[in-house]
Amino acid sequence: MGNDDYTNKRDFNKTNEPQGDTAKKPNGKPPIFVIQKHDATNLHYDFRIQISGTLKSWSVPKGPSTDPSEKRMAIPTEDHPMGYADFEGAIPEDQYGGGTVMIWDKGTFKNLKKDSEGNPISIEDSYDMGTVEIWLTGKKIKGGYSLIKMKSGNMQGNWLLIKQDDEEADARRRPTNTENKSVASGRTMKQIEKDDAP
Ligand code: MN
C-alpha cells in the first residue's frame, strides 16, 4: 500500500504539504486519528485514521456529530502519508486541495469491532468489510464512532460516520459550530490563512 495517488495529485514545489510516504513501522503506540478542517472549494472536515501505516481518509462535509441520531456523509478520499496528521497551513489556491487546513482535532483510537461471538476483528478487516467501529480519544471528539460503507443505492461507495450511543454521546453539543480553534496551535482558520499565506 503506498501513497501514489496522494503524490500524483500534488506539486511539492508549490505546496508545503508533507511529501511521500513517511509511514513508520508499528511501534506499539496506539493508532492515531486526525480531523482536519479544510476550507477548500467547499468547506469540509477530513477524517483520517491510521490503518496499516497510512492514513485512511474521508471527506466529511458537515464534520463529526456528537448526536447518535445524525448520520454524517463521509466520502472516501486517497490515502494520506502518516506525516499528514501534523500538517496545518495554507495550500496555494492553484494547487490540489487549495485552501486553509486546520488540525481541528487529533488523538488516538481503539478498535471496538468484534464478531458475533465477541472475538476482535482487526481494523484492517473491519475497513475491508466496510464496518469500522472505533473509540476516539481526542480533545473535542471522544467515544465510539461507526463508519459504515454503503453497499447499494445511489450513495453506494460512500460511507456514513455515526456517533455510537455511549456516555460520550451528546445531542446538544455542536463542536463544529462552537469549537473553532486548532488543537495544535490554538489558531482560527483566519489566523492560519494570514500566518501561512503562500
Ligand atoms: Mn480536504
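Residues numbered from 1 in each chain as written. Predicted model: local features only at pLDDT ≥ 70, side-chain atom pairs only at ≥ 80, totals over all residues. Heavy atoms only, no water.

A.B. asks: Is there a simple way to explain the overall build of the chain in this structure?
C.D. replies: Of the regular secondary structure elements, the chain holds four helices and nine strands. Whereas a compact globule of 198 residues would reach a radius of gyration of roughly 16 Å, the chain reaches 16 Å, a difference of no more than 12%. Judged by the C-alpha coordinates and their principal axes, the chain covers about 55 × 40 × 40 Å. Looking at the chain as a whole, 47% of its 198 residues are labelled buried. Considering only intrachain contacts with a sequence separation of at least 6, the fraction spanning at least 24 residues in the chain is 57%. Of the charged side chains in the chain, 29 are positive and 31 negative; the average position of the first set lies 3 Å away from that of the second. (Helix = DSSP H or I, 4+ residues; strand = E, 2+ residues; numbered from the N terminus. Rg over C-alpha atoms; globule rule 2.2 N^0.38 Å. Buried < 20%, exposed > 50% of the residue type's maximum accessible area, 1.4 Å probe, protein only. Contact = heavy atoms within 4.5 Å. Lys, Arg positive; Asp, Glu negative; His and termini not counted. Charge placed at Lys NZ, Arg CZ, Asp CG, Glu CD.)

A.B. asks: For this particular structure, what's the right way to read the packing of aromatic side chains?
C.D. replies: Aromatic rings in a pair are described by how distant their centres are and how their planes are angled relative to each other. Tallied over the entire structure, the rule returns nine aromatic pairs. With a centroid separation of 6.0 Å and an interplanar angle of 65°, the aromatic rings of Trp58 and Tyr127 are classed as edge-to-face. On the criterion of sequence distance, the pair formed by Trp58 in strand S3 (residues 54-60) and Tyr127 in helix H2 (residues 123-129) is long-range, its members being 69 residues apart. Between the aromatic rings of Tyr84 and Phe87, the centroid separation amounts to 5.4 Å while the plane-to-plane angle is 45°, which identifies the pairing as tilted. (Phe/Tyr/Trp six-rings, centres within 6.5 Å; stacked < 30°, edge-to-face > 60°.)

A.B. asks: When you look at the side chain of Gln164 in this model, what are you seeing that I'm missing?
C.D. replies: One can find Gln164 in the loop between strand S9 (159-163) and helix H3 (175-178). Ignoring any residue separated from it by four or fewer positions in sequence, one finds Gln164 in contact with Pro68, Leu112, Glu133, Gly144, Tyr145, Ser146 and Ala169.

A.B. asks: Explanation requested: the coordination of the manganese ion in the structure shown.
C.D. replies: Protein ligation of the manganese ion involves His38 (ND1), His44 (NE2) and Asp46 (OD), the donor distances falling in the range 2.1 to 2.3 Å. Read N to C, the donor residues that coordinate the manganese ion are spaced as H-x5-H-x1-D. By relative accessible area, which is 13% here, His44 ends up buried. (Donors = N, O, S within 2.8 Å, 3.2 Å for Na, K, Ca; no water.)

A.B. asks: Looking at this structure, how should I read the pairing of S9?
C.D. replies: Looking down a regular strand, the side chains alternate between one sheet face and the other. Among the five residues of S9, five are classified as buried, and the element is accordingly described as predominantly covered. The alternating pattern of S9 places Trp159, Leu161 and Lys163 and Leu160 and Ile162 on opposite faces, both of which are buried. Pairing between strand S4 (residues 71-80) and S9: four bridges, direction antiparallel. Residue pairing in the sheet places Ala74 in a bridge with Trp159 of S9. Bridge count between strand S8 (residues 142-149) and S9: five bridges; the pairing is antiparallel. (Pairing = 2+ DSSP bridges.)

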